[in-house]
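An overview of the molecular structure
The residues making up each chain are set out below.
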Amino acid sequence: MLKLSKKVDYAIILLIHLGKSGNPVSAQEIAGMYQLPGPMIANILKQLASNQMIQSRRGQQGGYLLNKLPEEITLVDVIQSIDGNFNLVECADDGGCRISGNCPTKGPLAALHNQLKQFMETITLASMIQQQY
């Protein structure tokens, strides 16, 4: 079954929250609001910050903010920021599959991978915030 990892799912929730807020938000505040595990949320926020999607501010009025406009962040960006390269199947990156030379599914699955990736590149954080998908 094709599904997003829990970390990517949480990252989308965090980014939507930050996109709606406009003000710095703490990891504890977000974790409490959505009843998510605090350490995992802190870890995801650190990953998003290290990949320049969000920024952190220290101090009493500190917290996390978007580092890019919501229109500039795609679903593929989020997936790659959290889980690494988006690959529907091993052969999508031309090097991971040991039977790619004679695999009957390589062509159709590569086409599906490309279409899914192109579709996810059209889904922006802005459209998720506005629920326009």
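Described in the following lines is the structure provided in the data block. (Residues numbered from 1 in each chain as written. Predicted model: local features only at pLDDT ≥ 70, side-chain atom pairs only at ≥ 80, totals over all residues. Heavy atoms only, no water.)

**Observations concerning the overall build of the protein chain**
Just so we agree on the cut-off: Secondary structure elements follow DSSP: runs of H or I no shorter than four residues count as helices, runs of E no shorter than two count as strands, and numbering proceeds from the N terminus. Buried, partly exposed and exposed residues are distinguished by accessible area as a fraction of the type maximum, computed with a 1.4 Å probe on protein chains only: under 20%, between the cut-offs, and over 50%, respectively. Note on areas: Shrake-Rupley, 1.4 Å probe, and residue coverage restricted to the protein chains presented here.
In terms of regular secondary structure, the protein chain is built from 6 helices and 2 strands. Referenced to the eigenvectors of the C-alpha coordinate spread, the extents of the protein chain come out at roughly 60 × 30 × 25 Å. Scored against the burial criterion, the 133 residues of the protein chain give a buried share of 35%. Approximately 8200 Å² of the protein chain is accessible, and the part contributed by carbon and sulfur atoms is 48%.

**A word on the pairing of strand S1 (residues 54-57)**
To keep it simple, the criterion reads: Each pair of strands is called paired provided DSSP finds at least two bridges between the two strands.
Summarising the sheet, S1 and strand S2 (residues 63-66) pair through 4 bridges and their orientation is antiparallel. Residue pairing across strands places Ser56 opposite Tyr64, the latter belonging to S2. Hairpin connection, S1 to S2: the antiparallel pair is bridged by 5 residues, and Gly59 has positive phi, about 105°.

**What about the layout of surface pockets?**
Counted only if it meets this: Using a 1 Å grid laid over the protein atoms alone, points where a 1.4 Å probe fits but cannot get out form a cavity; open sets with protein on both sides within 12 Å along at least 5 of 7 lines form a pocket; any residue with an atom within 4 Å of a point counts as lining. Grid points are joined across faces, edges and corners, and a volume is the space filled by probe spheres set on the points. Gly is placed with the polar residues, together with every amino acid not listed as nonpolar (Ala, Val, Leu, Ile, Met, Phe, Trp, Tyr, Cys and Pro) or charged (Asp, Glu, Lys and Arg).
The volume enclosed by the largest pocket comes to roughly 250 Å³. In terms of lining, the largest pocket is formed by 13 residues, of which the most central are Leu2, Lys3, Leu4, Ile79 and Phe86. Those elements that provide at least two residues to the lining of the largest pocket are helix H4 (75-83) and helix H5 (106-122). Among the residues forming the lining of the largest pocket, the class breakdown is 8 nonpolar, 3 polar and 2 charged.

**A short note on helix H1 (residues 6-21)**
Worth spelling out the cut-off: For a helix, the expected span equals 1.5 Å multiplied by the number of residues minus one. Throughout, a contact is declared for two residues whenever any of their heavy atoms are within 4.5 Å.
Taking 1.5 Å per residue as the helical rise, H1 with its 16 residues ought to reach 22 Å, and the 22 Å between its terminal C-alpha atoms agrees with that figure. Of the residues making up H1, those classed as buried are Val8, Tyr10, Ala11, Ile12, Leu14, Leu15, Ile16, His17 and Leu18. Of the surrounding secondary structure, the elements contacted by the buried residues of H1 are helix H2 (27-34), helix H3 (38-50), S1, S2, H4 and helix H6 (125-129). Gly22 sits one or two residues past H1 and shows a positive phi near 80°.

**Focus: H4**
If you check which residues of H4 are buried, you get Leu75, Val76, Val78, Ile79, Ser81 and Ile82. Buried positions along H4 lie against H1, H3 and H5.

**Brief notes about the packing of H1 against H4**
Put simply, the test is: Here an angle of 0 to 180 degrees is reported between the N-to-C directions of two axes, which are lines fitted to C-alpha atoms, with helices fitted over the stretch in contact. Between 65 and 115 degrees an angle is taken as roughly perpendicular, under 35 as roughly parallel, over 145 as roughly antiparallel, and anywhere else as oblique. Should the near helix be turned counterclockwise from the far one by less than a right angle, the crossing is left-handed, whereas a clockwise turn marks it as right-handed.
Their axes nearest at 9 Å, the elements H1 and H4 cross at an angle of 125°. Classified by the interaxial angle, the pair formed by H1 and H4 is oblique. Between H1 and H4 lies a crossing of right-handed hand. Here Lys7, Val8, Ala11, Ile12 and Leu15 of H1 come into contact with H4, specifically with Leu75, Val78, Ile79, Ile82 and Asp83.

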